[in-house]
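A look at the structure
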Amino acid sequence: MNALLELDDLTVRFGGVTALDSVSLTVQEGQICALIGPNGAGKTTAFNTISRLVRPASGTVRFAGQDLLRRHAADLAGLGIARTFQNLALWPGMTVLENVMVGRHARGRAGFASSVFGWPAAREDRDLRARAYAMLDYFEIPDVAHRECTGLPFGTLKRVELARALVGEPRLLLLDEPAGGLTHGDVRELGDILLRLRDEHGITLLLVEHHMQFVMGISDHVVALDFGRNLVSGTPAELRDSPLLVEAYLGTPV
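Within any chain, residue numbers begin from 1 and follow the written order of that chain's sequence. Totals for whole chains, interfaces and linings use all residues, but because this is a predicted model, local features are given only for residues with pLDDT of at least 70 and pairs of side-chain atoms are given and counted only at 80 or more. Water and hydrogen atoms play no part in the side-chain values, which are based on all heavy atoms of the structure.

1. Quick look at the overall build of the protein chain
- Elements are defined by DSSP. Helices are runs of H or I of four residues or more, strands are runs of E of two residues or more, and each kind is numbered from the N terminus. Looking only at helices and strands, one finds ten helices and ten strands in the protein chain.
- The proportion of buried residues among the 254 residues of the protein chain is 48%.
- The long-range share in the protein chain, meaning contacts at least 24 apart out of those at least 6 apart in sequence, stands at 66%.
- Carbon and sulfur atoms make up 50% of the accessible area of the protein chain, which amounts to about 12200 Å² in all. Three labels apply to residues, based on accessible area from a 1.4 Å probe with only protein chains included: buried if under 20% of the type maximum, exposed if over 50%, partly exposed otherwise in between. Note on definitions: a residue-residue contact is assigned when non-hydrogen atoms from the two residues lie within 4.5 Å. With residues, only the protein chains shown are counted as cover, and all accessible areas are computed by Shrake-Rupley using a 1.4 Å probe.

Right, dumping it as structure tokens:
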């Protein structure tokens, strides 16, 4: 496998606080990689740095050989990077279909307004709508296409957000706490969906997650952070009984 995403000696500071201290990780193409660690370990800061929402003090971030630190957040969709957020970032006053269509606009020429609100776009608009419907079918929620997001079950909204992220056909999908707030049944279904995305569509996934059973069940590689530093990394089998990882979560040596 080839490295798709590489973080090397990444350091991020907020005032006098060092949130990431020389963190490095590599995500191989076609892999599900999980970024774990206790609260305050630096996971979200790493995600926000990759997403270009945070500027690092030093280090490099490379995607498919390109220097991401030279790009703006608005460029990421066009490069093939999509992201979901811990707190759902859907437009409550728009329909499910319109929300999914937003995820494709960065790759189109007609623009967001013409695609979503029906301004002239002709063939591109029809293609966008067809792709959005196809994503709703894939996530088995076509029946809510024309409903507003407000009031829909949380598990359904998670699927809408995934559909929106994937309609742009990313190579890399960043998932921030994807299992958060889901029922046990929804978590199992989410795991099946993510494995299908990897196996059937070749999408590379990097996820931040606290649900350890979920992480260990679907990940190819796991990277653990603690106090903003690399702690341990390896396959789920290698990390399952790691004394360093147990100590980081429980606070006592094993």
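2. Details of the packing of aromatic side chains
- Aromatic pairing here means that ring centres of Phe, Tyr or Trp (its six-membered ring) are within 6.5 Å. Orientation follows from the plane angle: under 30 degrees is stacked, over 60 is edge-to-face, and everything else is tilted. The full count for this structure, using the stated rule, is one aromatic pair.
- In this structure, R196 packs its charged tip against the face of Y138, placed 4.4 Å from the ring centre. Criterion for a charge above a ring: Lys NZ or Arg CZ within 6 Å of the ring centre, and within 35 degrees of the ring normal.

3. Considerations on the side chain of D176
- By the element assignment, D176 lies in strand β7 (residues 172-176).
- A polar side-chain atom of D176 sits 3.2 Å from a polar atom in the side chain of R83. The term polar contact refers here to a pair of N or O atoms within 3.5 Å; inside protein, the definition further demands a hydrogen-donor-capable atom paired with an acceptor-capable atom, and it admits residues adjacent in sequence only when both atoms are side-chain atoms.

4. Side note on the sheet that holds strand β9 (residues 221-226)
- Ordered in space as β6-β7-β8-β3-β9-β10, the six strands form an open sheet in which the pairing is mixed. The sheet is open, and its two edges are formed by β6 (81-83) and β10 (229-234), each paired on a single side. Averaged over all pairs of adjacent strands, the angle between strand axes in this sheet comes to 20°, irrespective of strand direction.
- Strand pairing requires that DSSP identify at least two bridges connecting the strands. Pairing between β6 and β7: three bridges, direction parallel. Residue pairing in the sheet places A82 in a bridge with L173 of β7.
- The convention used is that axes are lines fitted to C-alpha atoms, helices contributing only their stretch in contact, and that angles between N-to-C directions extend from 0 to 180 degrees. Contacts from helix α7 (residues 184-201) reach β3 (32-36), β7 and β8 (204-208), with the element oriented near 135° to β3.

5. Side note on helix α1 (residues 43-50)
- Of all eight residues in α1, seven are buried; the element is thus mostly enclosed.
- Of the positions making up α1, those classed as buried are K43, T45, A46, F47, N48, T49 and I50.
- Directly beyond the C-terminal end of α1, a positive phi value near 70° is found at R52.

6. A few points about the environment of G180
- Relative to the assigned elements, G180 resides in the loop between β7 and α7.
- Among the residues examined, G180 registers a relative accessible area of 26% and is labelled partly exposed.
- Along the backbone, G180 and N87 are 93 residues apart, and their C-alpha atoms lie at a distance of 9.1 Å.
- Those residues within four positions of G180 in sequence are excluded, and the remaining contacts are F154, K158 and E209.

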